[in-house]
Amino acid sequence: MKRRTVLSRSVAALALAVAGSAPATGEHSDFATATRETYTLLPDTDHATTVHVIEGSEPGPTAMVTGGVHGDETSGLRAAENVASWDIARGTLVVVPRVNVVAIERGTREGTGGDLNRLFPPGEEPESKLARGLWAEIERHDPDVFMDLHRSLGIYGVQPGYVGQAIFPSAAGDAQQHARAVAELLNDEVVPWYMPLHKYHSGGPMPESGPLIANKVGQDLGTPAYVVESTSFLLDLPTRTAWTTRAAAELLERHGIERINGD
Ligand SMILES: [Zn+2]
């Protein structure tokens, strides 16, 4: 458990006790009253996938997290599933952990209609049924922050063409500063000193990066948006899943979404 989680729990428990309404709860009880809902996006199609909506007990921002856009990028998918299991104190967290189920079931990058993360041209209609369905869902929730979790094969800046261990922000809001700060935090607290190649970088802002989902969110909605890329180069699945999950947690916290359960 994170220290600040303990602190916030203590403060809330104290508030309840002062109000004279502290329930006789055991140590495993959670005072939090986050609500959870799931439903199916694109039901009755090959693309049917689960959307998780977690509401904190207090009003706050809306965040949206996607994983599994590329079907063979298991660490991004699992990190999104981790996020979908959280309770949050305030705001709304919308998670689609398995966006591209056809590709996930095949274990391939692409499902049907080509590379899904190249079908979201800014300013234009998305270019497949799945892309249009996901985009409609994003517009409906109108998130204050958006994040898409991926896995790369190589090292950013070392192996040309690879983007592993980078966080790419949109140009909107403070996204570039947040991406830089979270990359530094991961390097300080998560990446071991003996793995200097695996330090995270904050990539340049996305305006020129083409028809990516997060780029369209940044440009069309003016929303801080991020692509998180963790590499499979010398990193096993549990490790890169954990690092990607931590990156998501830190970025979300910077946008006012803080989890209140889990370690
Ligand atoms: Zn990817």
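Scroll up a little and you will see the structure.
Calculation rules
Residues numbered from 1 in each chain as written. Predicted model: local features only at pLDDT ≥ 70, side-chain atom pairs only at ≥ 80, totals over all residues. Heavy atoms only, no water. Donors = N, O, S within 2.8 Å, 3.2 Å for Na, K, Ca; no water. Tetrahedral: all angles 85-135°; square planar, octahedral: opposite > 155°, others 65-115°. Helix = DSSP H or I, 4+ residues; strand = E, 2+ residues; numbered from the N terminus. Buried < 20%, exposed > 50% of the residue type's maximum accessible area, 1.4 Å probe, protein only. Axes fitted to C-alpha atoms, helices over the stretch in contact; angles between N-to-C directions. Parallel < 35°, antiparallel > 145°, perpendicular 65-115°, else oblique. Left-handed = near helix turned anticlockwise from the far one by under 90°. Contact = heavy atoms within 4.5 Å. Core = buried A, V, L, I, M, F, W, Y, C linked by side-chain atoms within 4.5 Å. Expected span 1.5 Å × (residues − 1). Arc of directions from axis to C-beta.

**Focus on the coordination of the zinc ion**
Then comes step 1: Taken together, the protein donors to the zinc ion comprise His70 (ND1), Glu73 (OE), Glu73 (OE) and His150 (ND1), at separations of 2.0 to 2.4 Å.
Then comes step 2: The site at the zinc ion holds 4 donor atoms, and with the angles between them running 57 to 147°, its shape is irregular.
Then comes step 3: Sequence positions of the residues that donate to the zinc ion give the spacing H-x2-E-x76-H. Linking His70 in the loop between strand S3 (58–67) and helix H2 (74–84) with His150 in strand S5 (residues 145–152), this pair joins segments that are 80 residues apart in sequence.
Then comes step 4: Judged by its relative accessible area of 1%, His150 falls in the buried class.

**Observations regarding the packing of helix H5 (residues 175–189) against helix H7 (residues 237–254)**
Then comes step 1: For the pair H5 and H7, the least separation of the axes is 10 Å and the interaxial angle reads 135°. By the angle class used here, H5 and H7 are oblique. The chirality of how H5 crosses H7 is right-handed. Contacts between H5 and H7 involve His178, Ala179, Ala181, Val182, Leu185, Leu186 and Glu189 on the former and, on the latter, Trp243, Arg246, Ala247, Glu250, Leu251 and Arg254.

**What to know about the nonpolar core**
Then comes step 1: Core analysis: the largest hydrophobic core is formed by 35 residues, its most contacted members being Val65, Leu93, Met147, Ile167 and Leu252.
Then comes step 2: Of all the secondary-structure elements, those providing two or more residues to this core are S3, H2, strand S4 (90–96), S5, H5, strand S8 (225–231) and H7.
Then comes step 3: By residue number, the principal contributor to this core is H7, which donates 6 residues.
Then comes step 4: Residues in contact with Ile167, not counting those within four places in the same chain, are Ala179, Val182, Ala183, Leu186, Tyr200, His201, Ser202, Gly203, Tyr226, Val227, Val228 and Leu251.

**Details of H5**
Since one α-helical turn is 3.6 residues long, residues separated by three or four positions face the same way.
Then comes step 1: Its 15 residues give H5 an end-to-end C-alpha distance of 21 Å, which sits within 8% of 21 Å, the value for a rise of 1.5 Å per residue.
Then comes step 2: Of all the residues in H5, the buried ones are Ala175, His178, Ala179, Val182, Ala183, Leu186 and Asn187. When H5 is viewed along its axis, its buried side chains cluster within an angular range of 165° and face the same direction. For H5, exposure combined with an orientation more than 90 degrees from the buried face picks out Glu184, Asp188 and Glu189.
Then comes step 3: The elements touched by buried residues of H5 are strand S6 (166–169), strand S7 (201–202), S8 and H7.

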